[in-house]
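What follows is each chain in one-letter form.
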Amino acid sequence: MIAFIDDHRGTYGVEPICKVLPIAPSTYHAHEAKRRDPTKLSARAEQDAGLKIDLVRNHRRSTNRLIAAYPRYFRLKWSLC
């Protein structure tokens, strides 16, 4: 929904689009503020961003060989400790 609002806000404006879609304008503006200024992200969101990097790295390592999800989970778990 955020991408749709971004694409059409120049034509229709944010509030009219939000009246039609099930999203509050304040939710959209809060998301935009966090996207523009990453220091406004919560600690959990910052941690998730770091985990995403680890997941991508571990996935790239294992794409050339078959590794079950269980060992991959423990390798990721122990790399975070």
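Because the structure is a prediction, the values reported are computed rather than measured.

## Quick look at the pattern of salt bridges
Part 1 of the argument: Counting across every chain of the model gives 3 salt bridges.
Part 2 of the argument: Among the ionic pairs, Asp6 bridges to Arg35, the shortest N-O distance being 2.5 Å. With a gap of 29 residues between them, Asp6 in helix H1 (residues 2-12) and Arg35 in helix H3 (residues 25-36) connect regions that are remote in the sequence.
Part 3 of the argument: For Glu32, the salt bridge is made with Arg35, and the minimal N-O distance between the two is 2.0 Å. Separated by 3 residues within a single helix, Glu32 and Arg35 lie in helix H3, roughly one turn from each other.
Part 4 of the argument: Within the structure, one salt-bridge network assembled from shared partners comprises Asp6, Glu32 and Arg35.

## Considering the confidence of the model for the protein
Part 1 of the argument: Overall, the predicted model of the protein reaches an average pLDDT of 82, with 79% of residues at or above 70.
Part 2 of the argument: The element-level mean pLDDT for the protein is lowest in helix H5 (residues 69-80), coming to 67, with helix H2 (residues 14-20) highest at 94.

## Quick look at the environment of Ile17
Part 1 of the argument: Turning to its location among the elements, Ile17 is positioned in helix H2.
Part 2 of the argument: Look at Ile17 and you get buried, because its relative accessible area is 7%.
Part 3 of the argument: The spatial distance from the C-alpha of Ile17 to the C-alpha of Phe4 is 9.1 Å, given a sequence separation of 13 residues.
Part 4 of the argument: In this structure, Ile17 is in contact with Phe4, Ile5, His8, Arg9 and Tyr12, ignoring residues within four places of it in sequence.

Reading the values: rules and limits
Along each chain, the written sequence defines residue order, and numbers are assigned to residues from 1. Since the coordinates come from a predicted model, pLDDT governs what is reported: local features require at least 70, and pairs of side-chain atoms require 80 or more to be given and counted, while whole-chain, interface and lining totals use all residues. Derived side-chain values reflect all non-hydrogen atoms in the structure, with water molecules and hydrogen atoms excluded from consideration. Salt bridge, as used here: a side-chain nitrogen of Lys or Arg that lies within 4 Å of a carboxyl oxygen of Asp or Glu. Comment: elements are numbered from the N terminus, with helices defined as DSSP H or I runs of at least four residues and strands as E runs of at least two. The quantity called pLDDT is the predictor's confidence in a given residue, expressed from 0 to 100. Buried residues are those whose accessible area, probed at 1.4 Å on protein chains only, stays under 20% of the maximum for their type, while exposed residues exceed 50% and partly exposed ones sit between those limits. Contacts are assigned to residue pairs that have any heavy atoms within 4.5 Å of one another.

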